[in-house]
Amino acid sequence: MQNKELVSLGFDEATLSEAARFPQWQPARISEQHRDLYRVLTPDGEYPARLSGALAYELRERGDFPAVGDFVLIDPPLPPDDPGLPDALSIRLVLPRRSVFARKAAGRDQTRQVVAANADAVFLCMALGENYNLARLERFLTVAWDSGATPVVVLTKADLCPDVEERVAEAQLAAPGCDVVATSSVTTGGYDALLPHLACGQTAALLGSSGVGKSTMINGLAGKALLATKETRRDEKGRHTTTSRQLIRLDSGAMMIDTPGMRELQLDHGDVSKSFADIEALAKRCRFADCRHDREPGCAVRDAIEEGELSAERFESYQKLAAELAYVGLDSRSLEQEKIKRMFGGMGEMKQAMRYVKEKNKRR
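Attention here is on the structure that accompanies the text.

**Describing the pattern of salt bridges**
Inspection of every chain in the model, using the stated rule, returns 13 salt bridges. Two residues, Asp36 and Arg50, come together in a salt bridge whose shortest N-O distance is 3.6 Å. Of the two residues, Asp36 is situated in the loop between β1 (26-34) and β2 (37-42) and Arg50 in strand β3 (residues 45-51); the sequence distance between them amounts to 14 residues. Under the relative-accessibility criterion, Arg50 is labelled partly exposed at 31%. A salt bridge links Arg39 to Glu46, with the shortest nitrogen-to-oxygen separation between them at 3.6 Å.

**Some details on unusual backbone geometry**
At Asn118, a residue that is not glycine, the phi angle is positive and equals roughly 60°. Residue placement: Asn118 occurs in the loop between β7 (112-117) and β8 (121-127). Although it is not a glycine, Lys157 adopts a positive phi angle of roughly 60°. Looking at the secondary structure, you find Lys157 in the loop between β9 (150-156) and α5 (164-174).

**Let's talk about helix α6 (residues 214-222)**
Buried residues dominate α6, accounting for seven of its nine residues. Every buried residue belonging to α6 is among Lys214, Ser215, Met217, Ile218, Asn219, Leu221 and Ala222, and all of these are buried. Phi for Gly223, located one or two positions after α6, is positive at around 80°.

**Some remarks on the pairing of strand β4 (residues 71-74)**
With burial as the criterion, each face of β4 is covered, one bearing Phe71 and Leu73 and the other bearing Val72 and Ile74. Pairing between β1 and β4: four bridges, direction antiparallel. Opposite Ala28, over in β4, you have Val72 as the bridge partner. For β4 and strand β5 (residues 89-94), the ladder comprises three bridges, and the chain directions are antiparallel.

Definitions and cut-offs
Residues numbered from 1 in each chain as written. Predicted model: local features only at pLDDT ≥ 70, side-chain atom pairs only at ≥ 80, totals over all residues. Heavy atoms only, no water. Salt bridge = Lys/Arg side-chain N within 4 Å of Asp/Glu carboxyl O. Helix = DSSP H or I, 4+ residues; strand = E, 2+ residues; numbered from the N terminus. Buried < 20%, exposed > 50% of the residue type's maximum accessible area, 1.4 Å probe, protein only. Pairing = 2+ DSSP bridges.

Without other data, these values stay purely geometric and don't point to any function.
See below:
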């Protein structure tokens, strides 16, 4: 019976098998996080929890700490009338993640910050108004495809847009291989198209800027007001309603991770091969395998731009994100070498690269 209840919390066969190795502890799922205090869902109910001292000592990186959506093992809760009942249960172990959407933390910290863990789908929400930005969508898709979850593009506030079909078509070009759904909280239009990603035991994480209607969408899918919402400002900039990440269970048995609006998404990882699958396919048709799509003859990418099959803006976005991902995690020396490689190509142009380095050293 417990396994069935754990499956309803999102546990799959692999996670259940891993949890079974530690029968002294009870499986649970992180539903909320507030600094060092968590809330966990179990088949028996929801409880406050903290990291055990041993686990806190073992975890080195910020991205390894439990995040909303994580499957964990905890001490079994005591009966409510037990005089030894602690104020919070101890989290003993974080089980392996099957998907993770992470970014670099904002500011100088630059550590890895997990936004949502173990989601089956990632709803990338973008309002049809001033928030509509294809370059931002491409950036989110690059991380989403690499997260292990299935990206779904959700264009909200369709009732405020006079050219919804045109916007949907643009988003489909920017998100090859993804479902693109236009929704309206006023008419609840489009919600049915999201239901295949919200079966019992499935988890969807909602990501996007403030004010795009993530909390409103959860309320609409739930059929009741589970989360507080606010009106968008007159300039269409969002108001922060959600201030912390939380896992919400719908009556259908599906789960949704509501997240605060993100002003920026600094890349910690990503996959341009899927978010820009159209450009990657064109690149395979170039005459030279190491074509940089600049001035080389027989460049299929440049031909597609000149013929109007590919927008120059999309190609520039691809180049920018590919370069940014190439620099992730490099030390200063490796970073310099990668920049030279990207500017001058392979070994055949090493003389030009060395000339660049010498000139740069002279200016120091």
